[in-house]
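Breakdown of the fold
Okay, here's what each chain looks like letter by letter:
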Amino acid sequence: MCGIGACLSLLGLNVAPKVLKMIKNLEYRGYDSAGLAMITPDGIIDVRKDKGKIADLEIKLRFSEMKGFIGIGHTRWATHGAVSKRNAHPHVDCSRCIAVVHNGIIENYIELRKELEAKGHIFTTETDTEVIPHLIEENLKHHDNFFNAFEESIKQLKGAYALAVITLKDPSKIFFARFFSPLVIGIGECEYYIASDIPAFLEWTRKVIILHDGDIGFVSKEGVIIKNIFDNTIVNRDVITVEWTKEMAEKGGFDHFMLKEIYEQPVGVKRTVMMTEKQMQGVLEILENANDIYLVAAGTSFYASLHGQYAFSVYGFKSRAIIASEFIEEVGSFIDEDDVIIGVSQSGETADTLKALRHGKDKGARILAVTNVVGSAITRLADKVIIMGAGPEIGVAATKTFTSQVAVLNYILLEWAKEHGYDVELLLDKLRNRVPEDMEATIRETDEAAKQLVEMIHKKGNAYYLGRGLGLPIALEGALKMKEIAYLHAEGYPAGESKHGPIALVEPGFPIIAVVLKDAVYDKMHIAIEEMKSRGGYIISVCEKSDDKTKKLSNFYFDVPTGYSNILAPLVYIIPLQLLAYRTAVKRGCDPDKPRNLAKSVTVE
Ligand code: M6R
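Everything numeric in this text was worked out from a predicted model, so none of it was measured. (Residues numbered from 1 in each chain as written. Predicted model: local features only at pLDDT ≥ 70, side-chain atom pairs only at ≥ 80, totals over all residues. Heavy atoms only, no water.)

Topic: the packing of helix α14 (residues 425-457) against helix α18 (residues 569-587)
Following both chains from N to C, one finds α14 and α18 inclined at 35°, their axes separated by 7 Å at the closest point. In terms of crossing hand, the pair formed by α14 and α18 is right-handed. Of the residues contributing to the contact of α14 with α18, the split by class is 14 nonpolar, three polar and six charged. (Axes fitted to C-alpha atoms, helices over the stretch in contact; angles between N-to-C directions. Helix = DSSP H or I, 4+ residues; strand = E, 2+ residues; numbered from the N terminus. Left-handed = near helix turned anticlockwise from the far one by under 90°. Nonpolar A, V, L, I, M, F, W, Y, C, P; charged D, E, K, R; others polar.)

Okay, structure coming up:
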């Protein structure tokens, strides 16, 4: 949801190329328009912005030729106002003395705008953000000091925001504020960076300050000054060194981040299992004493959570996966202090998930968080946190974080089952030692098959993804991948339910992707396949290598290693479906890393 990148050079070096690189690194957060503002050596604010992708705007607006040692940049995912040049950030005040980039939503912008217009401010955009520079300009009328006017303005805002602000009134500082929307500060060699996410500046520094809600402040020659508006005091935030490397946030020879991230899954899962093992202290105690256990998440993280629910059920543990945006209405009134909510979120910043967890926390429930991002908002909400080892995920479509989330939930489950007397040593051993190898082989083998199948599937308009039991979350996630990056209408459905309506659409050649595990519902999956087949459905199965019966029923199959018809299934079964979506997107001329209308972290409700 919008990417903010800002840089200050204490040596007076030109920072435009760095600000530009930062917003390029954050393009996965939004990419409908972009812009930069720099305080130039002539003492004006130079603003260049337009709609379109950064690479095109770079040529058109010559961003890297902009001058100044202090600058802010933005890549937008529109929430208020059409995608247009004037709605692109940065936004300025009437006197062009203040420039602002913003991520989030200012909920009271209509009232503020009316008040400011009544006082003579001229607005030129449809955005909520534009109230901010005008509000600061107005408050400067009764403050000599820019920071005081900035602070007063921030206190008048309602909603969510991460902001970076530059001004001619105090031209050697970048001001910032954070509430709900993420914002971090990178400490470089004689340079400061302010960004929505760490990968923005990983190539220059791994030293990071994670801002908290209510933090406002500035970077300058004086260092980093942070005040928390709720405590009304100057605060010291720790500087942490992140383990992510610059290579992790680069394409490394792959055509797209998504493909690189699919290929990184074996390493990601291996690291995640090792890291989870080290973070288990207290986890089982939390679960053991729970009355009800909920898994709460959005999108792909929800499908990992749904897997969690099915997997827990295999060992007789009751839990319920709930879509975060439905949580309060669906079960909110039942939550109490005996319950546990497992929040699963790659970014740790998804507004729907955070809202559901806050609701649970207010009712006294304990919160266990599973996330990929150290210091993200979810980590501050939770009683216990498990950080995954997937590494930064830049592609908008979640891939390696899905398998890492499954690995964490499976690991927790197996440890818990062990405590309850189940003999799970073989599965635990397999998860620790065998899975990465099998994932690697699956990637190698099924990528070739995906390339073949694409020739047929890329022309189709619709597809069903069917699964049952442990196969269902895999089918749902496979369909989401196809839908979001290849724009092919793919519907994930419980196989047994498909005869109650969806089958009406099936006609000769209609693609049916069947996720077939050799488990208790194996025969029932075959019945569903037969039903589709007899109406002309083109059957594409994902099944175990040794499963000749399924292969015979299918027009096309992807085979995965034998021995995964259990809770480890998603770790290999999802791979061909990720690759199929990726290859289809490329064949259809779509950019898999930047699917239209989507953004990596959805920080608005
Ligand atoms: O950061 P989170 O895991 O909380 O994000 C949740 C969803 O927004 C995310 O999984 C989304 O559905 C992706 N586009 C899936 O590829």
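Structure's up, so let's keep going.
Comments concerning the sheet that holds strand β12 (residues 215-220)
Across the sheet, which stays open at both edges, the seven strands sit in the order β5-β6-β7-β8-β12-β13-β14 with antiparallel pairing between neighbours. A strand with exactly one partner marks an edge of an open sheet, and here the two such strands are β5 (91-92) and β14 (233-234). Sheet analysis places strand β8 (residues 174-179) next to β12, joined by five bridges and oriented antiparallel. Among the inter-strand pairings, Ile-174 is bridged to a residue of β12, identified as Val-219. Running at roughly 155° to β12, helix α5 (residues 146-156) makes contact with β6 (98-106), β7 (159-167), β8, β12 and β13 (223-228) of the sheet. (Pairing = 2+ DSSP bridges. Contact = heavy atoms within 4.5 Å.)

Concerning helix α16 (residues 522-533)
Compared with an ideal rise of 1.5 Å per residue, which puts twelve residues at 16 Å, α16 spans 16 Å between its outermost C-alpha atoms and is within 8% of the ideal. Where α16 is concerned, the buried positions are Tyr-522, Met-525, His-526, Ala-528, Ile-529 and Met-532. Take α16 and look down its axis: the buried residues cluster within an arc of 160°, on one side only. On its buried face, α16 is in contact with β21 (462-467), β23 (511-515), β24 (538-544) and α17 (548-553). (Expected span 1.5 Å × (residues − 1). Buried < 20%, exposed > 50% of the residue type's maximum accessible area, 1.4 Å probe, protein only. Arc of directions from axis to C-beta.)

Regarding the domain arrangement of the protein chain
A common way to report how large an interface is uses the accessible area buried once the components associate. According to the domain assignment, the protein chain consists of domain 1 (3-249), domain 2 (251-423) and domain 3 (442-592). Averaged C-alpha coordinates put domain 2 and domain 3 at centres separated by 25 Å. Between domain 2 and domain 3, the residue contacts involve 28 residues of the former and 25 residues of the latter. Counting each side, the surface lost to burial between domain 2 and domain 3 is near 2300 Å², with a carbon and sulfur contribution of 75%. Of all residues in domain 2, Met-258, Tyr-303 and Tyr-310 give up the largest surface area on contact with domain 3, accounting jointly for 23% of the area buried on that side. Here domain 2 is connected to domain 3 by zero salt bridges. Counting residues per element, the ones that place at least two in the side of domain 2 that touches domain 3 are α6 (257-263), α7 (265-278), α9 (299-314) and α13 (400-419). At eight residues, α9 tops the list of elements feeding residues into the side of domain 2 that touches domain 3. Of the residues assigned to the side of domain 2 that touches domain 3, the class counts are 19 nonpolar, eight polar and one charged. (Domains from an automatic or database assignment. Buried area = accessible area lost by both parts, 1.4 Å probe. Salt bridge = Lys/Arg side-chain N within 4 Å of Asp/Glu carboxyl O.)

Comments concerning the pattern of salt bridges
A full pass over the atoms with the stated rule returns 39 salt bridges. Between Asp-50 and Lys-60 there is a salt bridge; the shortest N-O distance is 2.4 Å. Of this pair, Asp-50 sits in strand β3 (residues 45-51) while Lys-60 sits in helix α2 (residues 54-61), placing them ten residues apart in sequence. A relative accessible area of 52% places Lys-60 in the exposed class. Here Lys-400 ties to Glu-264 by a salt bridge, and the two come within 2.7 Å at their closest N and O atoms. In this pair, Lys-400 is assigned in helix α13 and Glu-264 in the loop between α6 and α7, connecting sequence segments 136 residues apart. One connected set of salt bridges, linked through shared partners, spans Glu-277, Glu-415, Lys-418, Glu-425 and Arg-432.

What about the layout of surface pockets?
Volume-wise, the largest pocket comes out at about 620 Å³. What lines the largest pocket is a set of 29 residues, among which Ala-298, Gly-299, Thr-300, Lys-600 and Val-602 lie closest to the centre. At the level of elements, α9, β18 (340-345), α11 (351-362) and α15 (471-486) are the ones that each hand at least two residues to the lining of the largest pocket. Broken down by element, the lining of the largest pocket gets its largest block of residues, five residues, from α9. A breakdown of the residues in the lining of the largest pocket according to their chemical character gives 15 nonpolar, ten polar and four charged. Considering only enclosed or pocket space, the second largest pocket measures out at about 470 Å³ in volume. What lines the second largest pocket is a set of 24 residues, and nearest its centre among them are Lys-24, Glu-27, Lys-251, Phe-257 and Lys-594. Residue composition of the lining of the second largest pocket, grouped by class: eight nonpolar, three polar and 13 charged. Both of domain 1 (3-249) and domain 2 (251-423) provide at least three residues apiece to the lining of the second largest pocket. (1 Å grid on protein atoms, 1.4 Å probe; cavity = no way out; pocket = protein on both sides within 12 Å on 5 of 7 lines; lining within 4 Å. Points joined across faces, edges and corners; volume = space filled by probe spheres on them.)

Comments concerning α13
Given a rise of 1.5 Å per residue, 20 residues ought to cover 28 Å, and the 29 Å separating the end C-alpha atoms of α13 matches this to within 8%. After α13 finishes, the residue Gly-421 shows a positive phi value of roughly 90°.

Observations regarding the site of the ligand
Taken together, 13 residues surround the ligand, and among them Ser-301, Ser-345, Ser-347, Thr-350 and Glu-484 come closest. In the environment of the ligand, an oxygen atom lies 2.6 Å from a nitrogen or oxygen atom belonging to the side chain of Ser-345. A distance of 2.4 Å separates an oxygen atom of the ligand from a polar side-chain atom of Glu-484. In isolation the ligand has 410 Å² of accessible area, and contact with the protein removes 91% of it. Taking a 2 Å distance to the grid points as the criterion, the majority of the atoms of the ligand fall inside the largest pocket. Of all elements in the fold, only α9 and α15 reach the threshold of two or more residues within the shell around the ligand. (Near = heavy atom within 4 Å. Polar contact = N/O pair within 3.5 Å; in protein donor to acceptor, adjacent residues only side chain to side chain. Areas by Shrake-Rupley, 256 points an atom, 1.4 Å probe, with all protein chains shown as cover. Sits in = over half its atoms within 2 Å of the grid points.)

What about empty space enclosed by the protein?
For the structure on display, the rule yields two cavities of 30 Å³ or more. Space inside the largest cavity adds up to approximately 200 Å³. Tallied by class, residues from the lining of the largest cavity come to eleven nonpolar, six polar and six charged. Looking at which domains feed residues into the lining of the largest cavity, each of domain 1 (3-249) and domain 2 (251-423) supplies at least three. Space inside the second largest cavity adds up to approximately 90 Å³. Forming the walls of the second largest cavity are 14 residues, and the residues nearest its centre are Cys-2, Trp-77, Thr-79, His-89 and Gly-104. It is β6 that provides the largest number of residues to the lining of the second largest cavity, a total of three residues. Residues of the lining of the second largest cavity, tallied by class, amount to four nonpolar, eight polar and two charged.

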